Every structure is written in C-alpha cells, then in structure tokens.
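# Fold and geometry: a report
Given next are the chains, with one letter for each unit.
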Amino acid sequence: MIMFLLKGLIRDKSRSLFPVLMVSTGVFLTVFLYGFMQGIFDDFVKVNAQFDTGHVKIMTHAYKELFDQMPNDLAILEAEEMLTQLQDTEKGMIWTPRIQFGGLLDIPDKNGETKSQGPVMGIGMDLLSSDSKEKEILNLEDGIVQGRMPQKKNEILISEEFAKKLGVKVGDAATLISSTMHSSMAMYNFRVSGIVRFGMTALDKSTIIADIRDVRVALDMRDAASEILGYSRDMIYDDDGMIKLAERFNKKFFIEDDEFSPIMLSLGEQRGLGEYINLGKSFSGIIISIFVIAMSIVLWNSGLLNGIRRYGEIGVRLAIGEAKGTLYRRMIYESIIIGIIGSSAGTMAGLLICYYLQHTGIDFGNMMQKSNVLIANVMRTRVTTTSYVIGFIPGVIASVIGTMFSGIGIYRRKTSQLFKELEV
Amino acid sequence: MGLIKIENMVKRYPMGKTEFTALKDINLSFERGEFCGLIGPSGSGKTTLLNIIGSLDVPSEGSATVLDRNIENLSHIEAARLRSKHMGFIFQTYNLLPVYTVFENVEFPLLIMKVPEDERKKKVMDALQWVGLMDKIKSRPAQLSGGESQRVAVARAIVKRPELVLADEPTANLDAKNSHNVLKMMVKLNKELKTTFIFATHDEKVIGYLRRKIHLIDGKVAKDEIVN
Ligand SMILES: Nc1ncnc2c1ncn2[C@@H]1O[C@H](COP(=O)(O)OP(=O)(O)OP(=O)(O)O)[C@@H](O)[C@H]1O
Ligand SMILES: [Mg+2]
C-alpha cells in the first residue's frame with residue numbers, strides 16, 4: 001500500500017514536484033537569508049571587536065566612565081604585568097594592549113612649516129614585536145594600498161581618505177599634536193610607511209595606526225595601556241562565554257570605590273552592541289516565524305486546490321472502503337515526505353551557496369580593484385549549525401500544517417457530500 | 001434473511017431553514033443475486049437511496065439493513081469496512097485514478113483489504129480478463145476510451161467479488177454499443193458470480209436488461225415490478 005501511494009505521489013507532479021519545489025524554494029531562501037544576515041551581523045561584530053571592543057575589554061573603572069573622551073590619564077598602569085597575569089590565567093584567550101588617542105595630525109612641508117592638518121583618531125597597538133598578537137587579530141597587510149607595514153620605530157599607517165585629504169604620501173613625515181597622560185602638550189614625529197584602506201567610513205576618514213611603544217613614548221605613557229583587549233583563540237565571539245569571563249575577572253579585580261581598579265566588559269556590554277547581538281538572535285526567530293506562516297499559507301492554498309482536484313480520487317477511495325481517518329493520515333504522511341524532500345533539497349542548496357559565499361563573498365566593490373582590511377564592500381554569508389535546521393524543520397512543519405488545514409475540509413465533510421461533489 | 005431490508009425509511013436534507021424530503025416512507029427488500037434498478041425521473045431520489053444502501057449516507061428515519069448491518073448505526077470505520085469487504089461501486093464518470101495504470105486501478109480495492117500480493121495479482125488478472133482488457137493492463141485512464149474506462153471501473157468493482165455492486169447511471173457517458181457491451185458483461189457477472197447488482201438509472205438501454213424495476217417518483221416507490 002505504501003509503495004502504491006508513493007507511486008501515485010511521484011507520478012502526480014502537481015502533488016509531488018510542485019510542492020517539493022515550493023518547499024525547497026522557501027527553505028532555500030530561509031537558509032540563504034539567515035546565512036546572509038548572519039554574515040553581515042558577524043562582520044559587524046568582528047570589525048567592532050578587531051578595532052575597538054575586543055571580545056572583552058579591560059579598562060580602569062574611571063576610563064570606562066569617560067571612554068568617549070579617550071581619557072588616557074586614566075589608563076591602566078603596569079599593563080605588562082596585568083598582561084602576563086592574564087596570559088597565565090586565561091589561556092583560552094589572546095590578550096593585547098591598545099592605546100586609543102585623539103589629537104591633530106600635522107603634515108609639514110620641506111621647510112617644516114605646516115602643509116596641512118586635521119583631527120586624527122589613533123590606535124596604538126603592538127605592531128613590531130615578533131610575537132605580536134595583532135597579527136592573529138587583524139590582517140592589516142591585506143588593506144595596504146600603498147607602501148608597507150611599519151617595520152621600524154616611529155612608522156605609522158594612515159587611512160587612505162585621510163592621506164588624500166592631507167596630501168600625504170608614503171615616506172612623508174607626520175607630526176602628532178596631542179596631550180600626554182599627564183595633561184601636558186605632546187608633539188611627536190612619525191613617518192608614514194603605508195596607506196591602508198579599512199573599507200569603513202568611520203575608520204577611513206581620519207585614522208592612524210602606530211606601534212604601541214611609540215605611542216607610549218609620544219604620550220608619556222610608560223608601561224600603560226588605555227585598554228587591554230581579549231579575543232578567544234578561534235576568533236568567534238561567544239556572548240555567554242565572554243560574559244562569564246568578565247564576571248570572573250571582575251569578581252577578582254574590580255573594587256567598587258577604587259576608580260583605578262580594572263573592570264572587564266564583554267563586547268555585548270560595550271557601545272550598545274548587546275542589543276545588536278540580541279537582535280541577531282531574535283532575527284532567526286523572526287525569519288522562522290515569517291517563513292512558517294507564509295509557507296503554510298502557500299501550501300495550504302495549493303493543498304486546497306489540489307484537494308479540489310483530488311475530490312474524485314478521494315470520493316472513490318472512500319467509496320472503495322478506505323476509512324476517512326486513514327485517508328487523512330495518508331495525506332499527512334505524504335506531506336511529511338514532501339516536506340522532508342523539499343526541505344533537504346532547499347537546505348542543501350542554501351548551505352552550498354552559503355558555504356560558497358562564505359569563502360568568496362559577493363564583491364560589491366567591483367569598481368574598487370584594491371582590497372581592504374574590513375570587508376564592508378564584500379558581503380559574506382556565514383554558515384552556523386543553526387543553518388542546518390533553520391529552514392529544514394520549518395519546511396517540514398509548513399508542509400504538514402498546510403496539508404492539515406487543506407485536508408480538514410475533506411475530513412469534516414460528510415462522505416455523502418463529498419460524493420455529491422464528485423458526481424458533478 | 002435477504003441481502004437488504006429497508007423499513008419505513010425517510011431521508012431529509014436540510015435546505016436553509018426548512019428541510020427537503022428526498023425519500024418518503026421507503027419499504028423495500030432485496031435478495032442475493034438480483035439484477036435490479038431504481039428508475040425514475042431526475043430528482044426522484046435514486047442516487048439518495050443508492051447512497052444509503054452503499055452506507056455513504058444515513059437514513060433520517062426508519063432503518064436500512066444491509067448484509068445484517070444497520071446503516072443508521074454504523075461508525076465511519078465500520079461503514080468503510082462494509083464497503084471495502086462487500087460492495088463495489090460504479091459511477092457515471094468512471095472515476096478512475098488518473099495517475100495509476102489500469103492494473104493498479106483494479107488492484108487498489110485489494111490493497112485496502114490487505115490482500116497478499118500473489119493473490120492480488122491473480123484476482124486483478126481474472127477481473128481484467130472478465131472485462132476483456134488484458135491488452136490494456138499498462139495503460140493510463142487518459143489513454144482509454146469511455147467504454148474501456150467503464151469496463152475498468154467494472155473490473156475494479158468486482159475484483160474483490162463483492163456481494164453487492166451499486167451502479168449509478170453507469171451508461172450515461174457511453175454510446176449505445178458500449179452501453180450494451182458493459183451491460184452484457186454485468187449480466188454475465190451476475191449469472192456466474194451471483195453478484196447482486198442495483199442500478200440507479202433512467203437509461204432505457206439499462207432498463208431493458210433489468211429483471212426488477214423499482215420506480216421512484218418524488219421520493220416514493222411508485223411501482224416495484226419483476227420482469228421475467
Ligand atoms: N445534499 C443534498 N441537500 C439537499 N437536497 C438534496 C441533496 N442531495 C439531493 N438532494 C435533493 O434530493 C432529491 C433527490 O436527489 P437524487 O440525487 O437522489 O436524485 P436522482 O433521482 O438521483 O436524480 P438524477 O437522475 O438527476 O441523478 C433532489 O431533489 C435533490 O435536489
Ligand atoms: Mg442521481
């Protein structure tokens with residue numbers, strides 16, 4: 001009997017092929033959309049983590065309160081000691097010190113007079129040590145459009161747009177005018193070793209990246225760091241894990257009324273990124289709901305049309321002596337088969353394209369031949385374990401719900417009435 | 001005890017706020033092996049009566065006993081089992097399952113009855129031999145003529161050797177030659193297998209073959225005549 005029904009199912013394209021196509025298309029779109037959103041979401045989180053928040057960030061309590069002003073007078077002192085300690089106790093993480101600073105960048109001409117000048121946002125990070133963790137965190141090399149990475153003392157990278165605005169070329173001198181940790185005037189001469197494109201407006205406008213040792217000298221911040229960033233070794237942000245890590249750290253080191261005591265924040269606790277992460281989490285719920293509802297309606301309707309088309313068959317089957325309940329159940333089984341086949345096909349197609357785009361990305365920056373650090377102009381999808389089920393399960397459910405709704409009319413209607421309809 | 005006994009049976013259909021009485025005070029009984037017909041003008045209640053006998057519908061009043069079962073008291077499942085085991089249906093519009101071959105269409109009732117495969121195959125072949133369609137086993141209904149389709153429907157109705165075959169206007173879509181073919185075949189089945197046939201029809205060709213004619217007018221039995 002099962003074979004018999006399967007045979008019928010396969011032969012009747014409007015009962016098998018079309019619903020399968022419908023389900024697989026819906027599932028495909030869901031998987032793809034989810035992967036796409038996940039990709040965008042991940043990129044955003046990644047970029048924030050790389051340049052600003054880390055997966056966790058340690059600051060002093062006071063710095064945290066005023067972090068918008070980059071108050072380096074409130075930086076962490078004895079940063080190296082804390083780093084060593086962190087590396088010993090939290091081995092699953094990569095730790096690196098950073099100094100964020102603001103000021104003016106002054107470009108002198110041949111005579112040492114100001115040629116151009118502009119407000120600058122700087123990041124001091126470990127660029128020069130051979131065991132620099134930053135190589136694992138950022139791949140600045142990929143974004144260099146001219147020149148090279150800093151290799152010597154006092155060399156900096158400058159963002160492309162900023163360089164253009166200031167008329168700076170590789171090899172030019174650039175003077176940072178800022179204030180030291182002790183609030184006196186700071187002037188420091190750098191040399192541009194490379195021009196870098198980040199691919200994100202906020203960074204491209206006015207950023208320089210310098211080695212943290214030079215910045216310490218420039219701002220008189222011996223053994224200090226405005227922040228210490230931590231990254232999990234696989235570079236994948238795990239919200240729950242990082243929150244736990246921060247709790248652990250704060251329990252040990254944070255003292256409520258000592259404004260210089262260190263405090264650790266997870267990425268989610270910084271800059272409102274938590275809301276963004278929650279949005280990302282609820283997003284999959286939203287996609288699933290929309291998909292299930294939409295697909296159920298579509299399948300319900302096609303089921304109804306099919307049901308009308310199948311009145312003859314159903315009437316005959318009842319007359320021949322198939323019980324109504326059995327018939328209804330068999331229709332549901334059919335829909336499960338359809339759901340599983342359609343969902344498998346859709347999930348497979350969705351995953352394939354997601355995997356593909358996870359590697360290659362869709363390049364929206366065809367006009368730009370050069371690459372950059374961030375990937376804002378290359379959209380990448382991302383496959384997570386959720387991708388495997390986010391379309392599949394709703395696909396099966398939608399198929400079954402659609403059939404249940406459309407079949408219920410058949411189930412409820414009196415046998416004789418069904419009969420009348422088939423006689424016409 | 002006869003095959004079918006109908007006593008003081010009334011069938012009403014709800015019609016808006018009122019009711020419409022389609023069958024009024026029917027008293028009839030049928031014996032095994034009859035070849036009889038419900039005849040009468042359109043709307044006289046032929047199909048309604050046939051559907052009640054076929055346990056597809058229930059009486060509003062009175063009783064209908066078919067093969068010792070009270071139609072009015074049967075559950076869905078019991079009714080389905082009764083139809084599956086003991087009845088064959090033939091329709092005006094054939095109602096073959098379009099995605100299945102001739103063989104599979106005839107096989108279907110046996111599958112519902114869970115007949116083992118070997119036996120099934122043999123019974124299907126026998127039935128198809130009866131109706132003379134051995135050469136069309138693998139055809140789909142769409143490839144058959146009207147007469148051939150109805151013959152498949154007959155084979156499907158008799159493949160399980162039911163006590164009772166109910167045929168509602170079986171010749172309405174057939175030309176004279178095919179009508180006579182199909183009817184002759186049914187007469188033969190009736191004779192050789194002792195299958196009871198009840199028709200609902202107003203087709204003179206069918207009426208000519210009947211051995212008992214039950215005339216329905218306005219839901220009442222107007223005349224019940226035996227033909228020799
Ligand atoms: N479900 C129903 N609801 C209301 N009235 C019905 C219903 N079914 C049948 N009737 C009415 O009952 C009467 C008998 O119908 P039935 O189908 O039995 O007639 P019939 O003798 O088979 O006619 P025909 O030769 O046209 O097939 C008709 O007047 C019909 O309109
Ligand atoms: Mg009728």
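Residues numbered from 1 in each chain as written. Chains lettered and ligands numbered in written order. Predicted model: local features only at pLDDT ≥ 70, side-chain atom pairs only at ≥ 80, totals over all residues. Heavy atoms only, no water.

### Section: the interface of chain A and chain B
If you look at the interface, chain A gives 25 residues, while chain B gives 27 residues. A buried area of about 2400 Å², summed over both sides, lies between chain A and chain B, and 64% of it is on carbon and sulfur atoms. Joining chain A to chain B, the criterion identifies 2 salt bridges. With its nearest N and O atoms 2.6 Å apart, the salt bridge here joins E104(B) to R11(A). Summed over the shared surface of chain A and chain B, the result is 7 residue pairs in polar contact (both at pLDDT 80 or more). Of all the secondary structure elements, the ones that give two or more residues to the side of chain A that touches chain B are helix 1 (2–11), helix 11 (311–320) and helix 15 (415–423) of chain A. Among the elements that line the side of chain A that touches chain B, the one with the most residues is helix 11 of chain A, at 7 residues. Looking at the side of chain A that touches chain B, its residues break down into 10 nonpolar, 5 polar and 10 charged. (Contact = heavy atoms within 4.5 Å. Buried area = accessible area lost by both parts, 1.4 Å probe. Salt bridge = Lys/Arg side-chain N within 4 Å of Asp/Glu carboxyl O. Polar contact = N/O pair within 3.5 Å; in protein donor to acceptor, adjacent residues only side chain to side chain. Helix = DSSP H or I, 4+ residues; strand = E, 2+ residues; numbered from the N terminus. Nonpolar A, V, L, I, M, F, W, Y, C, P; charged D, E, K, R; others polar.)

### Comments concerning the domain arrangement of chain A
In many analyses, interface size is given as the accessible surface area lost on bringing the parts together. What the domain assignment reports for chain A is domain 1 (2–47 + 275–423) and domain 2 (56–236). On a C-alpha basis, the centroid separation for the pair domain 1 of chain A and domain 2 of chain A is 50 Å. (Domains from an automatic or database assignment.)

### Things to note about a nonpolar patch on the surface
Residues and elements named next belong to chain A. Together, I293, I297, W300, L304 and F405 give the surface a local cluster of nonpolar side chains, amounting to about 460 Å² of exposed area. For the nonpolar patch, the element with the most residues is helix 10 (residues 273–309), which contributes 4 residues. Considering the arrangement of structural elements, one finds I293 in helix 10. Judged by relative accessible area, I293 falls into the exposed class, the value being 53%. (Patch = residues over 30% accessible without salt bridge, like charges linked within 9 Å, V, L, I, M, F, W, Y side chains within 5 Å. Areas by Shrake-Rupley, 256 points an atom, 1.4 Å probe, with all protein chains shown as cover. Buried < 20%, exposed > 50% of the residue type's maximum accessible area, 1.4 Å probe, protein only.)

### Focus: unusual backbone geometry
Residues and elements named next belong to chain B. Positive phi is not limited to glycine here, since Y94 has a value of about 60°. Mapped onto the secondary structure, Y94 falls in the loop between strand 6 (87–90) and helix 3 (102–112). By relative accessible area, which is 14% here, Y94 ends up buried. A positive phi angle, near 55°, is found at N95, a position not held by glycine. Its place among the elements puts N95 in the loop between strand 6 and helix 3.

### Observations concerning a negative patch on the surface
A surface patch of negative charge is lined by E256(A), D257(A), D258(A) and E259(A). Looking at the element boundaries, D257(A) is found in the loop between helix 9 (239–253) and strand 10 (262–266). (Lys, Arg positive; Asp, Glu negative; His and termini not counted. Charge placed at Lys NZ, Arg CZ, Asp CG, Glu CD.)

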